[in-house]
Amino acid sequence: MCVTCGCSDDGQIKITNLETDKTEHNHTLADGTVITHSHSHDTHIEAPQIHAKIHNTTISLEQDILAKNNLLAAQNRGWFKGRNILALNLMSSPGAGKTTLLTRTINDLKQQLSISVIEGDQETANDAKKIKETGSKVIQINTGTGCHLDASMIDRGLQQLNPPLNSVVMIENVGNLVCPALFDLGEQAKVVILSVTEGEDKPLKYPHIFRASDVMIITKIDLLPYVDFDVQKCIEYAKQVNPQIKIFQVSATTGVGLDNWYKWVTEN
């Protein structure tokens, strides 16, 4: 179980290169020991170790976990910077339209930008297969019962992905509006995606992820005539939580609003 977020630690991390169909099953303990029966890395601790009864001990473990993750994230950030790679961490609840937006973005910008993808899901390579159909390089990371990606997973994924210099790496995080906000992956910017089929009060209900994000994308706006969603209230709530957040309204189906999103990507 993860001390920080409470997700279970009884699965396995699998990193699959769809080009070679090679899959890794590894687990790294906090002391660097590699074993093969559990999904987590530095961000998780084996179950017998987390049964601490003292509150201060739990806090210390959480701080230690995040500190180790942040160190790896800083190394990832340096790796991206040294290769002039724009890394974006795409986060949302399940079903918000991350993959649809991602595939449309790749197809529309492939003549201008080289875009590679790290795809995070608990199970299956379904989304990675959709991305591969665009011609983009993609690595699938399955977290088992884990609810987020962490910096060590990104480090290992990049070793297989090997994105080219002067390119873009899109990291599609596990669908979750809580835990991904806590874990720095080394990205240049966090992008939170919210669809109009969800409530406009999501920024108030899940403030940490909106506060941590540089960009909010409101998706599926072609459905606005058919759903009860107040766009202006959503924007007001997001600005209330994070006054500096950049906001785009798009439909990946019709293409409305995508030019502004593409302009932001190509200028960063």
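Colleague: Please set out the overall build of the chain residue by residue, giving values where relevant.
Modeller: Summing up its helical and strand segments, the chain has eight helices and ten strands in all. The proportion of buried residues among the 268 residues of the chain is 53%. Nonlocal contacts in the chain, meaning residues at least 24 apart in sequence, comprise 70% of its contacts between residues at least 6 apart. Total accessible area on the chain stands at roughly 12100 Å², and carbon and sulfur atoms take up 48% of it.

Colleague: If you had to explain helix 8 (residues 258-267) to someone new, which residues and values would you point to?
Modeller: Three or more residues of helix 8 are buried, namely L258, W261, Y262, W264 and V265. Viewed along the axis of helix 8, the buried residues span an arc of 160°, placing them on a single side of the element. In helix 8, the exposed positions that point more than 90 degrees away from the buried face belong to D259, N260 and E267.

Colleague: Now, about empty space enclosed by the protein: what can you tell me, with residues and values included?
Modeller: All chains considered together, the criterion is met by one cavity of 30 Å³ or more. Lining the largest cavity, in full, are L90, K98, L101, L102, T105, M170, I193 and W261. With four residues, helix 2 (residues 98-109) is the single largest residue contributor to the lining of the largest cavity.

Colleague: An account of the environment of V215 is requested, with residue identities and associated values reported.
Modeller: As for its position among the elements, V215 is in strand 9 (residues 215-219). Spatially, the C-alpha atoms of V215 and N242 are 10.0 Å apart, while their sequence positions differ by 27 residues. V215 has contacts with K190, V191, V192, I245, K246, F248 and W264, leaving out every residue within four places of it along the chain.

Colleague: Go over the pattern of salt bridges, please, and point to the residues and values.
Modeller: Once the charged atoms of two side chains with opposite charge are near each other, the side chains can pair. Applying the stated criterion to the full structure yields six salt bridges. The partner of K263 in a salt bridge is E267, and the shortest N-O contact between them spans 2.8 Å. Here E267 and K263 lie together in helix 8, a separation of four residues that amounts to about one turn. Its relative accessible area of 46% is what places K263 among the partly exposed residues. With relative accessibility at 55%, the residue E267 sits in the exposed group.

Colleague: Summarise the nonpolar core; cite the residues concerned and give the values.
Modeller: Of all hydrophobic cores here, the largest spans 31 residues; its most connected members are L88, L101, M170, I217, W261, W264 and V265. In contact with L88, other than residues within four places in its own chain, are V169, M170, I171, E187, A189, W261, W264 and V265. Membership of the second largest hydrophobic core comes to 19 residues, among which are M91, A181, V196 and F229.

Colleague: Quick one: what's the story with the packing of helix 2 against helix 8, residue by residue and with numbers?
Modeller: Relative to each other, helix 2 and helix 8 sit at 70°, their axes nearing to 11 Å. Judged by the inter-axis angle, helix 2 sits roughly perpendicular to helix 8. Listed contacts from helix 8 to L101, R104, T105, D108 and L109 of helix 2 are L258, W261, Y262 and V265.

Colleague: Which residues make up unusual backbone geometry, and what are the values?
Modeller: Phi at N162 is positive, roughly 50°, even though this residue is not glycine. By the element assignment, N162 lies in the loop between helix 4 (151-161) and strand 7 (168-172). Even without being glycine, K220 reaches a positive phi, approximately 60°. Along the polypeptide, K220 turns up in the loop between strand 9 and helix 7 (231-241).

Colleague: So what's going on with helix 4? Residues and values would help.
Modeller: Across the eleven residues that make up helix 4, a large majority, nine, are buried. Within the sequence span of helix 4, burial applies to A151, S152, M153, I154, R156, G157, L158, Q160 and L161. Of the residues flanking the end of helix 4, it is N162, one or two places downstream, whose phi is positive at about 50°.

Colleague: Give me the pairing of strand 8 (residues 189-195): which residues, what numbers.
Modeller: Buried residues dominate strand 8, accounting for seven of its seven residues. Of the strand pairs in this sheet, strand 8 and strand 9 are connected by five bridges, and their pairing is parallel. Across the sheet, residue L194 finds its bridge partner in strand 9, namely I218.

Reading the values: the criteria
Residues numbered from 1 in each chain as written. Predicted model: local features only at pLDDT ≥ 70, side-chain atom pairs only at ≥ 80, totals over all residues. Heavy atoms only, no water. Helix = DSSP H or I, 4+ residues; strand = E, 2+ residues; numbered from the N terminus. Buried < 20%, exposed > 50% of the residue type's maximum accessible area, 1.4 Å probe, protein only. Contact = heavy atoms within 4.5 Å. Areas by Shrake-Rupley, 256 points an atom, 1.4 Å probe, with all protein chains shown as cover. Arc of directions from axis to C-beta. 1 Å grid on protein atoms, 1.4 Å probe; cavity = no way out; pocket = protein on both sides within 12 Å on 5 of 7 lines; lining within 4 Å. Points joined across faces, edges and corners; volume = space filled by probe spheres on them. Salt bridge = Lys/Arg side-chain N within 4 Å of Asp/Glu carboxyl O. Core = buried A, V, L, I, M, F, W, Y, C linked by side-chain atoms within 4.5 Å. Axes fitted to C-alpha atoms, helices over the stretch in contact; angles between N-to-C directions. Parallel < 35°, antiparallel > 145°, perpendicular 65-115°, else oblique. Pairing = 2+ DSSP bridges.

Everything listed here is a matter of geometry and, on its own, says nothing about what the molecule does.
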